[in-house]
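Descriptive analysis of the structure
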Amino acid sequence: MSPTSETAQGGRRLVIVESPAKAKTIKGYLGPGYVVEASVGHIRDLPSGAAEVPEKYTGEVRRLGVDVEHDFQPIYVVNADKKAQVRKLKEQLAGVDELFLATDEDREGEAIAWHLLEVLKPKVPVHRMVFHEITKDAIQAAVANPRELNKRMVDAQETRRILDRLYGYEVSPVLWKKVMRGLSAGRVQSVATRLVVERERERIAFRSAEYWDLTGTFSTGRAGDPSDPSSLVARLATVDGSRVAQGRDFGSDGQLKTQNVLHLDEEKARALAASLADTSFSVRSVESKPYRRSPYAPFRTTTLQQEASRKLGFGAKATMQVAQKLYENGFITYMRTDSTILSDTAVAAARAQVTQLYGADYLPEKPRVYAGKVKNAQEAHEAIRPSGDRFRTPAETGLTGDQFRLYELIWKRTVASQMKDATGNSVTVKIAGAAADGRDVEFSASGKTITFHGFMKAYVEGADDPNAELDDRERRLPQVAEGDALSAEEITVDGHATKPPARYTEASLVKELEEREIGRPSTYASIIGTILDRGYVFKKGTALVPSFLSFAVVNLLEKHFGRLVDYDFTAKMEDDLDRIARGEAQAVPWLKRFYFGKRGEEAASGGAADAGNGDGDHLGGLKELVTDLGAIDAREISSFPVGDGIMLRVGRYGPYVERGEKDSEGHQRADVPEDLAPDELTVAYAEELLAKPSGDFELGVDPVSGNQIVAKDGRYGPYVTEILPEDTPKTGKNAVKPRTASLFKSMALDTVTLEDALKLMSLPRVVGTDAEGVEITAQNGRYGPYLKKGTDSRSLTDEEQLFTITLEEALAIYAQPKQRGRAAAKPPLKELGVDPVSESPVVVKDGRFGPYVTDGETNATLRTGDSVETITPERGFELLAEKRAKAPAKKTAKKAPAKKTAAKKTTAKKAAPAKKTAAKKTAAKKTTTATTATAKKTAAKKTATASKPE
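Notes on the structure in this doc start here.

The rules behind the values
- Residues numbered from 1 in each chain as written.
- Predicted model: local features only at pLDDT ≥ 70, side-chain atom pairs only at ≥ 80, totals over all residues.
- Heavy atoms only, no water.
- Phe/Tyr/Trp six-rings, centres within 6.5 Å; stacked < 30°, edge-to-face > 60°.
- Helix = DSSP H or I, 4+ residues; strand = E, 2+ residues; numbered from the N terminus.
- Buried < 20%, exposed > 50% of the residue type's maximum accessible area, 1.4 Å probe, protein only.
- Lys NZ or Arg CZ within 6 Å of the ring centre and 35° of its normal.
- Pairing = 2+ DSSP bridges.
- Axes fitted to C-alpha atoms, helices over the stretch in contact; angles between N-to-C directions.
- Contact = heavy atoms within 4.5 Å.
- Salt bridge = Lys/Arg side-chain N within 4 Å of Asp/Glu carboxyl O.

Regarding the packing of aromatic side chains
- Inspection of every chain in the model, using the stated rule, returns 19 aromatic pairs.
- Summarising the aromatic geometry, the rings of Phe281 and Phe443 are spaced 6.0 Å apart at their centres and angled 85 degrees between planes, so their arrangement reads as edge-to-face. Of the two residues, Phe281 is situated in strand E13 (residues 281-293) and Phe443 in strand E15 (residues 440-452); the sequence distance between them amounts to 162 residues.
- The class of Phe281 is buried, set by a relative accessible area of 3%.
- Taking the centre distance of 6.1 Å and the plane angle of 45 degrees together, the rings of Phe744 and Phe803 count as tilted. Pair noted here: Phe744 is in the loop between strand E26 (740-742) and helix H24 (754-761) and Phe803 is in helix H25 (residues 801-804), with a separation of 59 residues, a long-range link.
- Joined through ring pairs, the aromatic side chains of Tyr296, Phe299, Phe455 and Tyr459 make up one cluster.
- The lysine or arginine in question, Arg563, covers the ring of Phe569, its NZ or CZ lying 5.1 Å from the ring centre.
- Its end group placed over the ring of Phe803, Lys759 keeps NZ or CZ at 4.7 Å from the ring centre.

In structure tokens:
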């Protein structure tokens, strides 16, 4: 499938890529004989609902979009929003001599190319064109050297798609019935959620332990300088040969788990420090070792996401969005890759830049080669690096903002990967002395000096732990020898408490998933985005916190679908899918075992090698698991004991705590804030919530209507309402709705009075009419008290004005010009410092829809879990980065074409109305057709039985 010599000499060629941005860049690298068009992602997929399935299919096929009884045949439909693009591609194809399918070179891109082939049905020669960077040389080489479509890759992607559809469409409805509508389950997203929930369970079960030790500052007695300090700080290591207990020696239950260590409490530590007041110390030993650190491998997808999170504060999704723009505009190579390999061209470019920027001393004799560490990596791909055979320095790119910062990170990492090792020395000094009671004590200090920084001149990797020491950090110790006398300048007593395991961040969750071989690295960003969007996880700073809802979902999956969220089974499933991709296993027998279980085993007729076996992973199929729902107790899986008879329950409208059974004596119930971290729900806090007033408060009887007035705590806050008589019509033409009003912010459920309630329910109040007879009313709205006259609203400064403002005062307010903004800007709620991208000060402000961060150009609302009090500068910068990444590119205004002089002005003028009339008729016809089509589509959607759980 190579371009024919005949066509190579002339003719037109259609090149189809995935995105318009990529099409625009590539078009500039090809000659006039090429038409470059975008498919705009997938043009065809499994149906999102039964309404999209062709009428010839019935039953389960309509619900799943997959014919499970006939070898799992997928039902593909052209996406509704892609039909116009497909028509355009067909029109373009009609006038060309060759077709080049130039979608991305991974499984997803190969599948898109296959779908284009299936839908367009070209009658001209077809070529598969692949490239991993968008440069002129790479694009022209790709045109000259096309390959065949890789059907094995297509089949592998299709198997994954079918598997994910079956998992999502079978398990998600179980969550709808037993937990809450609108929830979803997924092959990787559910396991990722379980990881976050398990970490929170560890934090809840954690019991802190206290331990003490000593820190000594010892002097050599001589003058020091930066290269040879005069003193060193050392920590107590042993007492009479027994190691002093540190945090690592305690279990999560707060108990000592290491044998033969000395656990010092405060009293013992202070006594020991006092006994060392007059002790003479000396150097017991000095151990020096050579230090060598090799450069880090070039970036692959996951390591880029991790470093962008640590160094730039980007979430995984924001990182991929920025990287996509860099790739499409020709700045970096393809950003979805498992490989750390650099091409010979890239190695040469990196080595040339090392010599140019750092000198020959920093260049190793031979190029560095990095072996892939990711299982089943697609090694045909390259690592993420700057594009071209000569790397542009960040300053040469002309990039700004987030794109500049990410490119700089990639460029530094790539160049550093071809530099020499960093070398130096690591030293451990042990200091001995005798306490007053004769006990032998030993302090220990460790140091590190770097004599040649090597690659660290260009790049040093970050760390997930903000307190961790980075590789280029030096700790210089005095030059001492065994037997040297030292004097103790100070010995301090230090108390410590063990800490619960840290919550996952996006970076550490990506790392955990990759280490467990769960999912594919290219999907991690979308997986994390999904569990955040679904409300299973929210952020506090950079930490991922599971919601109470996710506890209920994971509880159900563990108890009734344990195999589906088992880490080893999920990893093995990934391995099986990769074996199918390599042609070592067949897709249909594997899917039969997964879906039908024993029945699938029989249908597969002995092809056990085609799917995992030996681990009990095919004892029961997915279909069997979702059929028996009677054993699932919805209340039980959504209930979690807090202590002292208090239960946390996850209800339809959110989490709440409850003591006792409903309608029983002493029953208490209170809502739990949805942004509360589960490990913060202690018995004491639950008691505090239950002690707050809740339920209905009878305020008295309205003397006018005779109806009972009550105060309630509703989903949207406290309010007052009237209880209508039982015979009051509630539906139909004569239906009567009870008067209801929200409490003012200054009011509380347990203090509001009948008088207050009647005043609130009297709103809106008619203040009077203006000279033209237009009525003016005083109303209480979402954003506070205001006046309304027709469509003209004016804010009031005080809630009490709603009841006291006179017509004259209202007319005076309307006589003033309407302010199109606030009279005076409110001061910021918090200052976060200077944003590293915009280089403008970032502050937290109070907006119409709640607090938000802004640098003056970009605004980002605080998310669930964020608060003004706890938000850090890094979290503020991350929110702004994510908002910028989502912002559409600014369109450049097109220059209007020069007007041509009409040959016959009179004719042109007369023809214009006719053309306009025809255009109007056509437009009207199109509008009518579109409206009818929309109505049909809406009706069809209403009949759909399946939602979109994936």
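Let us keep going from here.
Things to note about the sheet that holds strand E29 (residues 784-789)
- If you trace the 4 strands from one edge of the open sheet to the other, you get E27-E28-E29-E30, paired in antiparallel fashion. A single partner strand is all that each edge strand has here, and the edge strands are strand E27 (765-769) and strand E30 (792-795). Strand-to-strand twist in this sheet, taken as the mean axis angle between neighbours without regard to direction, amounts to 25 degrees.
- Across 4 bridges, E27 lies against strand E28 (residues 775-781) in antiparallel orientation. By the bridge assignment, Gly768 is partnered in E28 with Ile776.
- Together, E27, E28, E29 and E30 form the strand contacts of helix H26 (residues 807-815), whose direction differs from that of E29 by roughly 85 degrees.

Some words on the pattern of salt bridges
- Summed over the entire model, instances satisfying the criterion amount to 65 salt bridges.
- Between Glu202 and Arg199 there is a salt bridge, with its nearest N and O atoms 3.7 Å apart. One end of the pair is Glu202 and the other is Arg199, both in helix H8 (residues 189-205) and 3 residues apart, which spans about a single turn.
- We classify Glu202 as partly exposed; its relative accessible area is 41%.
- Between Glu661 and Arg635 there is a salt bridge, with the nearest N and O atoms lying 3.8 Å from each other. With Glu661 in the loop between strand E21 (654-659) and strand E22 (668-671) and Arg635 in helix H22 (residues 634-637), this residue pair connects regions lying 26 residues apart in the sequence.
- Take Glu661: its relative accessible area is 48%, and that puts it in the partly exposed class.
- For Arg635, a relative accessible area of 41% translates into the label partly exposed.

These values are about where atoms sit, not about what they do.
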